[in-house]
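Here is how the chains run, residue by residue.
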Amino acid sequence: MATTSVMGGSIRRREDPALIQGYGEYVDDLTRTGLLHVAFLRSTVARAKITRLDTSAAKEMPGVIAVYTHEDVAHLGPLLAQVPIGKLRPLLAAGEVNHVGEAVAMVMAETRYQAQDALDGIEVDYDILPAVIDLKKAASDETKVHDELESNVIHTWTYHGYWAALGLEDQTPQVDAAMERDDAVVVSLEMTNQRLIPVAIEPRSVLAEYNPGYGCFTVHSSTQVPHALGGAIATTFGMRSTEVRVIAPEVGGGFGSKLNVYNDEILVSFAAKALGRPVKWTETRREAAGSTIHGRGWIGTASLVGTKDGQFLGYKLDAIADMGAYTQNFTVAIPLLGLWIASGQYKMPISWTVACVVTNTMTTDAYRGAGRPEAIYYLERVIDAYAREIGMDPFEVRKKNFWQPDEFPATMGCGFSLDSGNYAAAVDKLIEVSDYAGMRDRQEKARAEGRLVGIGVGSYVEVCGFGPAVLAEIGFSWTNYGLPASFNGSGLVRVNPDATVTVVIGTGPTGQGHETTWAQIVGDGLGVPVDDIRVLHGDTREHPMGIGTFGSRSISVDGTATFEATKKVREKAAKIAAHLLEASAEDIVFGDGAAHVAGSPEKSVTWKAIAKSAYQAHTSPEDVDSGLEAHTAFSPGNATWPFGTHLAMVEVDPDTGDVKILEYHTVDDCGNVISPMIVNGQIQGGIAQGIGQAMFEDAIYDQEGNMLTGSLMDYTLPTAADLPSFDLHRTVTPSPINPMGVKGIGEAGTIGSAHTMVNAVVDAVAPLGVKHIDMPLRPKRVWEAMQEARA
Amino acid sequence: MYSRSFDYVAPASLEEAFTALGDDSKVMAGGMSLIPLMKMRLFSPGTVVDIGRISGLDTVEDAGDHISIGALVRHATTASDALIATHAAALGMAASLTGDVQVRNRGTTCGSLAHADVAADQPAAAIACRATMVAQSASGTREIGSESFCVDAMTSALRSDEILVAIKIPKAGPGEGSAYDKLGRRGGHSDYAVAGAAAWVKKSNGTVEDARVALTGVGTRAMLAEGVGQAIIGTDGSDAAIKAAADKALEGVTVLEDLYGSVEYKSHLAKVFVARALKAALANAG
Amino acid sequence: MFLRPEPKGVFMNVSMTVNGRSVSADVEPRTLLVHLIRENLHLTGTHVGCETGYCGACTVHLDGKPVKSCTMLAVQAEGANIMTIEGLANNGELHPVQEGFWERHGLQCGFCTPGMIMAAAALLQDNNNPSEEEIRHGIEGNLCRCTGYHNIVRAVEYAGAKMRGEEPAAPDWEEVS
């Protein structure tokens with residue numbers, strides 16, 4: 001495949017040569033002279049007062065340099081959070097523990113084995129208190145998790161209530177009135193959207209160095225948000241941002257779990273400074289269950305009201321979301337992301353309430369989709385149940401209620417406007433490419449043979465591309481980490497004197513292929529080969545400004561910034577080329593590594609000559625500053641709103657409840673596509689995580705707060721053998737929000753898939769009378785639902 | 001992630017191994033079960049006796065009236081060995097459904113038996129195949145019936161000074177066949193068994209003359225389902241006979257729930273997989 | 001408190017061949033093979049993703065067969081012939097599986113990739129024309145959280161075709177004009 005720069009073309013990734021040969025550099029691969037290793041003693045109980053904590057024996061153990069407890073680090077304050085509603089996490093347990101896995105003490109030793117050994121030498125006594133685990137009980141305040149908080153319910157989101165300045169209408173009366181109508185069909189389902197563990201395959205790792213001579217930290221961390229971490233360290237230690245350099249080298253997956261600033265990152269930095277030696281900590285997989293954020297964890301009742309012929313009249317959600325014990329980065333704000341897409345692709349009044357509740361469990365925060373998979377799951381599951389109730393095809397009922405193409409931008413009751421969409425077109429394409437009619441025929445035949453074959457449909461709309469200034473007002477910013485408030489995108493494009501191009505971007509990719517996609521953007525804009533372009537990211541010393549990678553925002557916000565910076569560089573280069581060619585800048589066009597006068601290809605000058613000229617004041621035009629670079633920040637006027645519809649076919653073993661996925665088709669629309677290869681890869685991975693939630697994954701605490709699924713033996717991730725190949729298609733509805741017309745695709749696959757799978761399995765067993773099965777649809781759940789329905 | 005310290009010996013002979021074994025020691029063959037436990041510090045033996053370098057233990061042998069599977073025969077071998085396919089098909093199937101490629105390349109059939117995990121594939125298959133466990137120590141050799149080898153969760157009948165050096169399985173005669181089937185934790189055949197069953201049958205003139213059926217995953221150990229075997233003997237092995245026999249799967253069994261199944265579900269699955277294993281064994285018997 | 005009486009686990013010398021080179025190191029008995037590879041031999045392409053032998057990021061070839069080096073003690077590999085991801089390419093020429101992963105976008109974050117490639121290379125060594133189901137079962141001991149495995153399967157199919165001397169199937173992503 002040619003490695004030329006073509007927007008809308010798939011080129012091999014720039015990232016891959018190192019990674020496929022084992023030369024990718026991840027944090028745990030790094031070592032330093034005098035490196036110390038860290039192990040944390042973690043709470044084995046969910047809620048207790050610490051009555052004794054004795055580290056003296058541990059301090060005497062071989063190789064141990066220091067052991068810290070709360071007293072050693074109390075002066076640093078709690079872990080900073082971006083939306084500090086609830087109780088902030090103490091860096092080390094402050095006289096009490098509030099979840100299994102909470103860090104109680106920290107050992108620094110010469111080897112990682114010695115650090116771990118020393119945990120055996122720490123004695124801790126707990127006065128155990130009743131753990132608050134069950135969400136409904138927690139919401140009732142029967143037992144409070146934190147004495148100093150008024151209630152376990154630390155915040156409640158309502159559909160019209162979050163953005164008071166807009167004076168939005170409460171649509172609840174409309175929904176309630178619809179439910180009273182004589183011709184109303186009301187369908188309600190109580191459903192769990194279970195807690196998940198993100199499980200990036202690379203465990204988190206942090207390596208901190210402090211040089212007292214330079215007065216600077218250098219911190220390598222497996223993070224999606226190097227600038228936020230740098231800001232948090234600077235704020236915590238009272239330093240200037242330029243005195244903290246954070247580097248995120250290769251990062252082995254994130255999915256939101258590395259979009260937090262963690263207490264361990266602060267603690268390892270502290271230890272490096274205090275002990276005068278480099279310090280590294282790498283999480284173990286079992287440790288991660290109590291030290292890296294979880295996601296989801298909702299229970300709630302969704303109700304849809306509509307007419308007998310399929311017209312939606314309103315939707316209501318009443319849910320509780322589990323925050324865990326302590327608030328970290330965005331914790332409380334996660335359900336808000338779901339709120340904005342609460343109405344999905346449909347035009348109808350919404351009543352939506354999610355109560356945020358603390359429990360004695362690990363903190364929840366952004367996990368791929370973050371609030372949006374939950375919101376879409378409730379909506380799309382109950383739509384499916386409604387369609388079944390009135391006997392209408394699931395595609396037809398959806399199409400009947402979609403926003404129509406001429407209604408965009410479509411302003412929803414939550415105040416935001418859907419930027420663009422053609423929802424029915426995506427459905428029509430899906431019906432065609434999947435041979436939906438044929439699938440239904442095959443299902444009918446299978447059913448006639450007594451087989452349980454089901455077909456599930458699921459639509460979604462996503463909100464992403466966080467960057468609009470309005471979001472900063474409601475906490476979507478890095479203000480508490482001392483960084484500029486709004487999530488502007490950032491791109492710096494520099495043509496070097498030798499005509500190679502350096503692009504410095506503010507993202508924090510964890511596998512999304514930014515080095516390739518950004519090279520395509522810049523290569524296309526400048527007309528230079530992508531091989532001459534090097535894209536840098538993840539080093540706070542090089543980037544003027546960085547927000548990180550999350551919320552499917554990179555391409556539409558940071559990508560646009562780079563696109564605009566490229567344009568500025570091209571305009572400047574055109575002036576130089578015009579000067580060299582004695583032509584007018586307006587007539588200069590770029591391509592094939594050179595600039596030429598439009599209509600006169602023979603009158604050309606190479607990028608090499610332009611670059612050389614730009615860096616030599618005596619050859620550049622008088623009215624042009626020397627150098628050839630531009631930096632652009634970009635703040636979009638709205639978020640972007642990708643969408644799509646998924647379709648799954650499954651077969652259930654009537655004897656065991658075992659589910660086999662037969663087919664999986666999608667039509668996704670993320671606006672214009674730069675690399676179809678990378679976009680498809682994002683969707684495929686997203687679908688696997690959605691299917692993971694639907695079928696396999698479940699973070700389970702028992703009622704004492706013990707984590708029962710802390711290792712991959714029990715937290716069952718999908719393997720290659722559990723999944724089918726995916727049949728992906730797309731429609732392209734450009735976004736009007738940014739000049740490239742792009743929308744973002746990191747989370748869409750996950751947001752679209754979990755409910756599609758559940759809809760399919762419920763369809764398979766619906767003839768038995770099953771109406772709903774809670775995820776994950778392990779064989780036992782499916783079998784139990786069938787048993788209950790048969791009884 | 002990081003084991004506690006231990007001493008390590010890699011004896012060149014069984015005699016050396018017996019000398020090294022003591023109260024605080026643990027025998028390691030492939031290490032697939034032991035090493036994760038040690039890394040999670042759930043188990044910390046003082047001495048690990050690695051029998052991996054003892055020659056002569058890695059073979060499947062034809063010993064006249066039986067075949068012998070040595071202590072170091074790995075799952076990958078058990079899954080593909082022709083002698084095992086002929087005489088202990090259930091054990092071969094169990095091996096092919098154990099773990100993944102890498103695990104099968106290191107883990108051993110005997111090691112898995114000695115580990116006695118409640119949800120392992122090997123113990124039930126060994127019981128059905130009428131295996132005899134050959135336990136050797138400095139003081140001699142004793143043979144233990146497979147049905148009494150798994151004593152409790154993670155507890156076998158081996159003494160701490162003994163090594164499971166081999167298992168012996170009677171050769172299959174005409175009309176004999178065996179099979180193993182399970183539901184895995186992620187569905188299908190994946191991973192450990194939520195519930196599984198192995199069956200061995202001997203058919204003669206269209207009648208089931210003898211049978212042995214064993215369960216895994218449902219209680220604290222793999223166990224012989226005696227009632228099933230008795231119920232199928234003397235029948236024609238029809239679907240109806242299989243169903244009637246499978247209904248006796250839980251006689252004398254205390255079913256325990258875990259993350260993957262309630263007592264009711266596992267009880268049901270036991271019957272389903274007993275029936276499936278029996279049907280496959282009968283088909284295998286020709 | 002669990003304090004093991006000292007001395008335990010005195011260092012032992014192990015020797016083996018890694019990527020064609022004879023190496024030796026002094027390690028504690030408890031040192032995992034993966035830690036020997038990463039920390040003594042500085043071959044950091046072999047990764048550690050879990051501690052229970054489930055993720056397969058640590059997969060290397062031991063005497064030609066794929067094994068999980070985090071579930072093996074370094075001392076167990078005494079005398080063995082090990083190949084890690086760094087040893088797979090031949091004098092700078094990528095192995096067909098590496099090429100397939102690059103051509104078919106079989107990786108995103110790259111963390112599971114070395115182990116995945118080693119597992120896939122072993123699979124194709126035994127059977128260069130596997131079915132999709134055989135590929136999926138051949139790599140089920142390797143977890144990937146990024147790709148959903150779709151493009152990994154395509155990458156292995158690509159490599160199989162190359163190894164058979166055939167033209168690989170075209171990529172299945174729809175180009176947009």
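Quick notes on the rules
- Residues numbered from 1 in each chain as written.
- Chains lettered and ligands numbered in written order.
- Predicted model: local features only at pLDDT ≥ 70, side-chain atom pairs only at ≥ 80, totals over all residues.
- Helix = DSSP H or I, 4+ residues; strand = E, 2+ residues; numbered from the N terminus.
- Rg over C-alpha atoms; globule rule 2.2 N^0.38 Å.
- Buried ≥ 20, exposed ≤ 12 C-beta atoms within 10 Å, placed from the backbone.
- Contact = placed C-beta atoms within 7 Å.
- Nonpolar A, V, L, I, M, F, W, Y, C, P; charged D, E, K, R; others polar.
- Pairing = 2+ DSSP bridges.
- Axes fitted to C-alpha atoms, helices over the stretch in contact; angles between N-to-C directions.
- Parallel < 35°, antiparallel > 145°, perpendicular 65-115°, else oblique.
- Left-handed = near helix turned anticlockwise from the far one by under 90°.
- Arc of directions from axis to C-beta.
- Core = buried A, V, L, I, M, F, W, Y, C linked by C-beta atoms within 7 Å.

Peer 1: Kindly report on the overall build of chain A, identifying the contributing residues and their values.
Peer 2: On a plain count of helices and strands, chain A comes out with 21 helices and 28 strands. For 791 residues, the compact-globule estimate of 2.2 N^0.38 gives 28 Å, and the C-alpha radius of gyration of chain A, at 27 Å, lies within 12% of that figure. Along the longest, intermediate and shortest principal axes, the C-alpha atoms of chain A span 90 × 75 × 50 Å. Residue burial in chain A is summarised as follows: out of 791 residues, 63% are buried. Of all intrachain contacts in chain A linking residues separated by at least 6 positions in sequence, the fraction that spans at least 24 positions is 79%.

Peer 1: Break down the overall build of chain B for me, citing the residues and quoting the values.
Peer 2: Helix and strand counts for chain B stand at eleven helices and 14 strands. Taken over C-alpha atoms, the radius of gyration comes to 18 Å for chain B, in line with the 19 Å a tight globule of 286 residues would show. Referenced to the eigenvectors of the C-alpha coordinate spread, the extents of chain B come out at roughly 55 × 45 × 30 Å. Of all intrachain contacts in chain B linking residues separated by at least 6 positions in sequence, the fraction that spans at least 24 positions is 64%.

Peer 1: Mind laying out the interface of chain B and chain C, listing which residues take part and the relevant values?
Peer 2: Where interface size is quoted, it is often the accessible area lost as the parts come together. With 25 residues of chain B in contact, the opposing surface of chain C contributes 25 residues. Elements represented by at least two residues in the side of chain B that touches chain C include exactly strand 1 (7-9), helix 2 (34-39), strand 3 (47-50) and helix 6 (101-106) of chain B. Of all the elements, helix 6 of chain B adds the most residues to the side of chain B that touches chain C, at five residues. The residue makeup of the side of chain B that touches chain C, split by class, is eleven nonpolar, eight polar and six charged.

Peer 1: Lay out the environment of A:Tyr378 in plain terms, naming residues and giving numbers.
Peer 2: Looking at the secondary structure, you find A:Tyr378 in helix 11 (residues 372-390). Taking C-alpha positions, A:Tyr378 is 5.9 Å from A:Ala302, a pair spaced 76 residues apart along the chain.

Peer 1: Describe the sheet that holds strand 6 (residues 123-128) of chain A, listing the residues and the values that go with them.
Peer 2: All names here are of chain A. If you trace the three strands from one edge of the open sheet to the other, you get 4-2-6, paired in antiparallel fashion. The two strands at the open ends of the sheet, each matched to only one other strand, are strand 4 (96-97) and strand 6. The sheet contact formed by strand 2 (residues 48-54) and strand 6 spans six bridges and is antiparallel. What sits directly across from Lys-49, in strand 6, is Asp-127.

Peer 1: Break down the environment of A:His220 for me, with residues and values.
Peer 2: All names here are of chain A. Structurally, His-220 is set in strand 10 (residues 216-221). We classify His-220 as buried; it has 27 C-beta atoms within 10 Å. Separated by 234 residues in sequence, His-220 and Gly-454 place their C-alpha atoms 48 Å apart. Sequence-distant contacts of His-220, defined by excluding residues within four places in its chain, comprise Val-27, Leu-30, Val-206, Leu-207, Ile-247 and Pro-249.

Peer 1: Can you explain the interface of chain A and chain C? Please cite residues and give values.
Peer 2: Contacts between chain A and chain C engage 59 residues on the former and 54 residues on the latter. Among the elements that take part in the side of chain A that touches chain C, helix 19 (residues 676-696) of chain A stands out by supplying nine residues, more than any other. Of the residues belonging to the side of chain A that touches chain C, the class tally is 26 nonpolar, 21 polar and twelve charged.

Peer 1: Describe the packing of helix 11 of chain A against helix 12 (residues 394-401) of chain A, and please don't skip the residues or the numbers.
Peer 2: Two measures define how a pair of helices packs: the angle their axes make with one another and the distance between the axes. Residues and elements named next belong to chain A. The geometry of helix 11 relative to helix 12 is characterised by a closest axis approach of 9 Å and an angle of 110 degrees between their N-to-C directions. Judged by the angle between their axes, helix 11 and helix 12 are roughly perpendicular. You can see that helix 11 and helix 12 cross each other, and the crossing is right-handed. For the pair formed by helix 11 and helix 12, the contact residues are Ile-383, Asp-384 and Ala-387 on the first element and Pro-394, Val-397 and Arg-398 on the second.

Peer 1: Describe the sheet that holds strand 7 (residues 153-158) of chain A, and please don't skip the residues or the numbers.
Peer 2: Residue and element names in this part refer to chain A. Reading across from one edge, 7-15-14-13-8 is the order of the five strands in this open sheet, with mixed pairing throughout. Of all strands in the sheet, those bounded by a partner on one side alone are strand 7 and strand 8 (185-193). Each strand of the sheet is rotated relative to its neighbour by a mean of 10 degrees, with strand direction disregarded. Looking at chain direction, strand 14 (residues 312-324) and strand 15 (residues 350-358) are connected through nine bridges and run parallel. If you follow Gly-324 over to strand 15, its bridge partner there is Val-358. In the packing of helix 11 onto the sheet, contacts are made with strand 8, strand 13 (298-306) and strand 14, and the angle to strand 8 comes to roughly 140 degrees.

Peer 1: Quick rundown of helix 12 of chain A? Include the residues and the values.
Peer 2: All names here are of chain A. Taken together, the buried positions of helix 12 are Pro-394, Val-397 and Arg-398. Mapping the buried residues of helix 12 onto a view down its axis gives an arc of 100 degrees, with all of them on the same face. Check the buried side of helix 12 and you find it contacts helix 11, helix 13 (423-433) and strand 18 (452-461).

Peer 1: Can you break down unusual backbone geometry residue by residue, with the values?
Peer 2: A:Pro409 follows A:Phe408 through a cis peptide bond whose omega is -5 degrees. Locating A:Pro409 in the fold gives a position in the loop between helix 12 and strand 16 (410-411). Of note, the amide linkage connecting A:Met775 to A:Pro776 takes the cis form, showing an omega dihedral of -10 degrees. Relative to the assigned elements, A:Pro776 resides in the loop between helix 20 (748-765) and helix 21 (779-790). Here A:Val199, not a glycine, exhibits a phi torsion of approximately 50 degrees, which is positive. Of note, A:Val199 is situated in the loop between strand 8 and strand 9 (205-211). For B:Ala116, which is not glycine, the phi dihedral falls at a positive 55 degrees. You can see B:Ala116 is positioned in the loop between helix 7 (109-115) and helix 8 (122-128).

Peer 1: Let's hear about the nonpolar core: which residues, and what values?
Peer 2: Membership of the largest hydrophobic core comes to 423 residues, with the highest contact counts inside it found for A:Val107, A:Val761, B:Ala90 and B:Leu278. Aside from chain neighbours lying at most four places away, what touches B:Ala90 is B:Ala125, B:Ala128, B:Cys129, B:Ser178, B:Ala179, B:Tyr180, B:Ala198 and B:Trp200.

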